[in-house]
Amino acid sequence: MSVAIVVHGGAGTISPERIGTGMAGCNEAAQIGMRILEQGGTALDAVEAAVRAMEDNPNFNAGTGSCLTSEGNIEMDAGIMEGHTLQVGALAGIELVKNPIALARLVLQSPHAMLIGRGASLFAEEQGIAFCQLEDLLTERQYNNWKRAQAQHTTEAEDLFEEKKHGTVGAVAVDSHGHLAAATSTGGIINKHPGRVGDSPLVGCGFYADANAAISCTGYGEDFTRLTIARRIADAVGTGKTAQEAADEVIAFLGTQTKETGGVIVVDKHGNTGQAWNSENMMYGSAQNK
Ligand SMILES: NC(=O)C[C@H](N)C(=O)O
């Protein structure tokens, strides 16, 4: 049985200097996940480890390196799903946690599917997760982005500068049992309204996994949410499309419905992978062992 993993580090207009470090971070994360898969580990463990590595990489807008809200705070969203069990764990508006995806995994193992804000923090405490300081998550780059957004009174819907919406991270994998998993983690969108939740922690929108396919998305969260992009791709694979055809078809559909952009990664139960985006570029990496 072939194993495979695809990761992304966000889609958008990404400066040439950032593409190189971003792609390197994606490849590193894909290799971390691949080592788990090659050793017979589960797809769920692989996507969690890959996303965790990207949350720890300050070049991405997730965990360390997350963007700031209009109040100058960091509110992160994350979701993880296992395809063959349909178990899901998600968090919205989580604060002061280094690895939201690890906490989302604990939600997946709990009786609940999603926790938000204060209750999510309470859950972290109950699970013995250590809290960090805002400074531990904040990078100079995101602070400067935020200062610029504040000066320009940028709102989430206005595309006033390039650095606005990339850096969300995600991973999809299939393991040696043909089981699938997907994970997505993000700081959201720069200067977002406090409490704003994007697609990333919403099942079927920013991530999804079932018995046929696993999907992780990045892009303008409001549109990915209203169009339930991840679930559309899973359904397309379920009706016989390849991972690549499904990715292309749904990104084309996104383009017919909205001016906003984004990208997706997909893997199917046979280890076929796909990726598509309609932004200028998307940072991604993959590893396969047929
Ligand atoms: N960069 C992103 O992908 C942003 C994320 N989809 C959100 O809207 O929160």
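In what follows, the structure referred to is the one given above.
Residues numbered from 1 in each chain as written. Predicted model: local features only at pLDDT ≥ 70, side-chain atom pairs only at ≥ 80, totals over all residues. Heavy atoms only, no water.

## What about unusual backbone geometry?
Phi angles above zero are rare outside glycine, and Asn 191 is one such case at about 65°. Its relative accessible area of 6% is what places Asn 191 among the buried residues. In this structure, Thr 228 takes a positive phi of about 40° despite not being glycine. Within the element layout of this structure, Thr 228 appears in the loop between α7 (221-226) and α8 (229-238). Judged by relative accessible area, Thr 228 falls into the partly exposed class, the value being 34%. (Buried < 20%, exposed > 50% of the residue type's maximum accessible area, 1.4 Å probe, protein only. Helix = DSSP H or I, 4+ residues; strand = E, 2+ residues; numbered from the N terminus.)

## Re empty space enclosed by the protein
One pass over the full model with this rule turns up one cavity of 30 Å³ or more. Of the voids in this model, the largest cavity is the one considered here, and its volume is about 100 Å³. (1 Å grid on protein atoms, 1.4 Å probe; cavity = no way out; pocket = protein on both sides within 12 Å on 5 of 7 lines; lining within 4 Å. Points joined across faces, edges and corners; volume = space filled by probe spheres on them.)

## Section: the sheet that holds strand β4 (residues 114-116)
Across the sheet, which stays open at both edges, the seven strands sit in the order β4-β3-β2-β6-β5-β1-β11 with mixed pairing between neighbours. Only two strands of the sheet have a single neighbouring strand rather than two, namely β4 and β11 (281-289). Pairwise comparison of adjacent strand axes, ignoring direction, gives a mean angle of 5° for this sheet. With six bridges joining them, strand β2 (residues 76-82) and strand β3 (residues 87-94) adopt antiparallel strand pairing. Following the sheet pairing, Met 76 is matched in β3 by Ile 94. Helix α1 (residues 16-38) contacts β1 (3-12), β5 (169-174) and β11 of the sheet and is inclined by roughly 25° relative to β11. Each of β1, β2, β5 and β6 (180-186) is contacted by helix α2 (residues 43-55), which is oriented at about 160° to β5, the strand it contacts most. (Pairing = 2+ DSSP bridges. Axes fitted to C-alpha atoms, helices over the stretch in contact; angles between N-to-C directions. Contact = heavy atoms within 4.5 Å.)

## Looking at the environment of Ser 66
On the secondary structure map, Ser 66 appears in the loop between α2 and β2. By relative accessible area, which is 0% here, Ser 66 ends up buried. Spatially, the C-alpha atoms of Ser 66 and Gln 39 are 31 Å apart, while their sequence positions differ by 27 residues. Excluding residues that lie within four positions of it along the chain, Ser 66 makes contacts with Phe 60, Asn 61, Ile 74, Met 76, Leu 137, Gln 142 and Gly 187. A distance of 2.8 Å separates a polar atom in the side chain of Ser 66 from the backbone oxygen of Gly 63. (Polar contact = N/O pair within 3.5 Å; in protein donor to acceptor, adjacent residues only side chain to side chain.)

## Looking at α1
The terminal C-alpha atoms of α1, which comprises 23 residues, lie 33 Å apart, in line with the 33 Å expected from a rise of 1.5 Å per residue. Within α1, burial applies to Arg 18, Gly 22, Gly 25, Cys 26, Ala 29, Ala 30, Gly 33, Met 34 and Leu 37. Buried residues belonging to α1 abut β1, α2, α6 (140-152), β5 and β11. Phi for Gly 40, located one or two positions after α1, is positive at around 90°. (Expected span 1.5 Å × (residues − 1).)

## Thoughts on the sheet that holds strand β8 (residues 213-219)
One open sheet holds the four strands; their spatial order is β7-β8-β9-β10, and the pairing between them is antiparallel. Sheet topology places β7 (207-209) and β10 (273-277) at the edges, where each strand pairs with a single neighbour. On average, adjacent strands in this sheet sit at an angle of 10° to one another, irrespective of strand direction. Relative to β10, strand β9 (residues 262-268) runs antiparallel, the two sharing five bridges. If you follow Gly 263 over to β10, its bridge partner there is Trp 277. Running at roughly 145° to β8, α8 makes contact with β7, β8 and β9 of the sheet. Sheet strands touched by helix α9 (residues 243-257): β9 and β10. Its angle to β10, the strand with the most contacts, is close to 20°.

## Comments concerning the pattern of salt bridges
The full count for this structure, using the stated rule, is seven salt bridges. Here Glu 48 makes a salt bridge to Arg 52, at a shortest N to O gap of 3.9 Å. Taken together, the residues Glu 48 and Arg 52, both in helix α2 and four residues apart, mark about one turn of the helix. Assessed through its relative accessible area of 12%, Glu 48 is described here as buried. By relative accessible area, which is 35% here, Arg 52 ends up partly exposed. With a closest N to O distance of 2.8 Å, Arg 226 and Asp 223 form a salt bridge. Remark: Asp 223 and Arg 226 occur in helix α7; sequence separation between them is three residues, near one turn of the helix. When its relative accessible area of 58% is taken as the criterion, Arg 226 is described as exposed. (Salt bridge = Lys/Arg side-chain N within 4 Å of Asp/Glu carboxyl O.)

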